[in-house]
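What follows is the residue order along each chain.
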Amino acid sequence: MIHVFSFKDFNYIYDVGSGSLHECDGETAAYLKAEYEDGGDISAFPPELVKRAEEEIKPLKEAGLLFADEVKARPVKSRFVKALCLHICHDCNLRCKYCFADEGAYHSRREFMSEQTAKKAVDFLIANSGDRKILEIDFFGGEPLMCLQTIKKVVAYAKDKAAKNGKKFLFTTTTNALLLNEEARDFFNAEMENVVISLDGRKEVHDAVRKTANGKGSFDLVIDNAKQFVRSRGEKNYYVRGTFTAKNTDFSEDVMFLAENGFDSISMEPVVTDIAELAITNGHLAAICDEYERLAERYLEKYKKGEGFNFFHFNIDLEGGPCLAKRVSACGAGNEYFSVTPNGDIYPCHQFAGDEKFLMGNVYDGNIDGRIRSQFVENSLFTRKGCENCFAKYICSGGCSANNYHFEGDVNKPYTLTCAMMKKRVECAMHILARKKAGI
């Protein structure tokens, strides 16, 4: 299977089986698309063009770089748990309009995870990790920094338990930066493998949706904290994660704003909400796809000036990256990765938290509902409905199970809106990769 696409004046052929990307002229691209993607009607193409195009692609076919057979890798589904998302706090000091977690409360009461429950979660992870040596804990909320002292104690406990059991923990935290003071900075820089900071971009965009409990915008309260943290972070991992909504489909402006303000590791995600004024619909797709192309061009402009930055969705590795078996395995949620709420309840991931249909157990009894778990063990790229003929399937892996369920009613039915955006992002990423390899 091949995918032929254009980016402005550039034309590309992506071979799904081999993962190879080729540049070609417009006539060849049009012919290949008609012949191999659009049903085979090539009556409008002159015979000499067809002959030339076929002669050009013949050596690529013979080399296994076009129309290559797809390798049928088996999904990797370990029963050993590798990671937990600890909802250390079901409360938040912001009241973001689009928050999937009900402004931190998860459609329940506001509460903090006790030190005892957090330690039981650590014990649960170690007990169910089998021969895994590297384990992960993500401190999540709500706003985790409202529980900084608990996080410190849990990290110390986890490190001690890991040393006694021949394991190692990697810790991450997601924060809105409101409480990201010197104490938090020092601790994060010493202990956190990665830190995700929620910041939506321009002040007017951020303040429109990310408000404090008293209804005021939070941009001025968090921007300096975020900048100071990034300056202190050195070479350690971090991401500034923004969210765009129907109100700012010109989100490339927000990405560039963040880049120009010293943030060189950026993610900008489409909102997931049913709030009408913010929700992204099919009517927004054309503008959003145009905006991804605009962002790709601006990204390359910065790169050419020596001012390149890391944009999560433009990272693509067609020559290496995760092995094929892992790529077809889909997300590990509900099998290798779980979410733990403040009372110790276990869910497949943070986006299922609070949904009783997906309550899998509790860290205090240590049991996992095998019936629910089997839904996630059994799903993979090959069970995703409609993915079999998608060019991006080995890059996307079938999308987010939670989004699929919440919007399509089935973890195995990809959410069509995110599919469309993913395909455009992949094309942009391939264009960027090609231009970099060609020296721009």
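The following refers to the structure shown. The model shown is predicted, which means the values in this text are computed figures rather than measured ones.

### Overview of the sheet that holds strand β13 (residues 337-340)
In a beta sheet, neighbouring strands pair by backbone hydrogen bonds and run either parallel or antiparallel. Spatially, β12-β11-β10-β9-β8-β7-β4-β13-β14-β15 is the arrangement adopted by the ten strands of the open sheet, whose pairing is mixed. Edge positions in the sheet fall to β12 (310-311) and β15 (361-362), since each of these pairs with one other strand and no more. Here two bridges tie strand β14 (residues 345-347) to β15, and the two strands are oriented antiparallel to one another. The residue of β15 that forms the bridge with Asp345 is Asn362.

### Structural notes on the pattern of salt bridges
Considering all chains together, one arrives at 30 salt bridges under this definition. For Glu293, the salt bridge identified is with Lys8, shortest N-O distance 3.7 Å. Of this pair, Glu293 sits in helix α9 (residues 285-304) while Lys8 sits in the loop between β1 (2-7) and β2 (10-15), and the two are 285 residues apart along the sequence. The salt bridge involving Asp355 is made with Lys357; its shortest N-O contact spans 3.3 Å. Judged by relative accessible area, which is 18%, Asp355 ranks as buried. Each of Lys8, Glu293, Lys424 and Glu427 takes part in a single network of salt bridges with overlapping partners.

### So, the sheet that holds β1
Taken together, three strands build an open sheet; the order of strands is β1-β2-β3 and the sheet is antiparallel. Strand pairing shows two members of the sheet lacking a second neighbour, β1 and β3 (20-24), which therefore form its edges. Taken over all neighbouring pairs, the strand axes of this sheet differ in orientation by 25° on average, direction set aside. Both β1 and β2 contribute to a ladder of six bridges, which runs antiparallel. Residue pairing across strands places Phe7 opposite Phe10, the latter belonging to β2. This element, helix α1 (residues 26-36), spans β1, β2 and β3 of the sheet and lies at about 140° to β1. Where helix α14 (residues 416-437) meets the sheet, its contacts fall on β1, β2 and β3, and the angle it forms with β2 comes to roughly 105°.

Calculation criteria
- Residues numbered from 1 in each chain as written.
- Predicted model: local features only at pLDDT ≥ 70, side-chain atom pairs only at ≥ 80, totals over all residues.
- Heavy atoms only, no water.
- Pairing = 2+ DSSP bridges.
- Helix = DSSP H or I, 4+ residues; strand = E, 2+ residues; numbered from the N terminus.
- Salt bridge = Lys/Arg side-chain N within 4 Å of Asp/Glu carboxyl O.
- Buried < 20%, exposed > 50% of the residue type's maximum accessible area, 1.4 Å probe, protein only.
- Axes fitted to C-alpha atoms, helices over the stretch in contact; angles between N-to-C directions.
- Contact = heavy atoms within 4.5 Å.

Worth remembering: the numbers are spatial, not functional.
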